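Fold and geometry: a report
Chain residues, written in single-letter form:
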Amino acid sequence: MSRKILFAALTMTLLAGCATAQNQRGLSGALVGAGTGAVAGQLIGRNTTSTVAGAAGGALVGAAVGTATTSPQNGGNCRYRQPDGTIIIARC
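Below: a short report on this structure. (Residues numbered from 1 in each chain as written. Predicted model: local features only at pLDDT ≥ 70, side-chain atom pairs only at ≥ 80, totals over all residues. Heavy atoms only, no water.)

**Concerning the overall build of the chain**
When helices and strands are tallied, the chain shows three helices and two strands. When the helices and strands of the chain are placed in sequence order, the string is α-α-α-β-β. Looking at the chain as a whole, 13% of its 92 residues are labelled buried. Long-range contacts, defined here as pairs at least 24 residues apart, represent 38% of the contacts in the chain between residues at least 6 apart. (Helix = DSSP H or I, 4+ residues; strand = E, 2+ residues; numbered from the N terminus. Buried < 20%, exposed > 50% of the residue type's maximum accessible area, 1.4 Å probe, protein only. Contact = heavy atoms within 4.5 Å.)

Structure representation (structure tokens):
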């Protein structure tokens, strides 16, 4: 089990460098929505099924809201780090 957790953490760390602001807002919205939905599901249904359904619904709504509310600050450009450490800005 610990190898799976380590692999997931390493994969998420590597992919975090490729994320755009929109992706990051969508992920944070999904996390907040899942937490809120889980609490609401537990309060309403008082069982595991309601908690899981609330978390899933909250994650979907949170991701959609987080993605939709991202302001286009970068003008469609992304930052890329080259192997020598320099950072270039180019179209995504």
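**A word on the pairing of strand β2 (residues 87-91)**
Bridging between strand β1 (residues 77-81) and β2 involves five bridges; their strand directions are antiparallel. Across the sheet, the residue bridging to Y80 is I88, located in β2. The antiparallel hairpin formed by β1 and β2 contains five residues in its connecting segment, where G85 sits at a positive phi of about 100°. (Pairing = 2+ DSSP bridges.)

Function-wise, these values are silent; they only describe arrangement.
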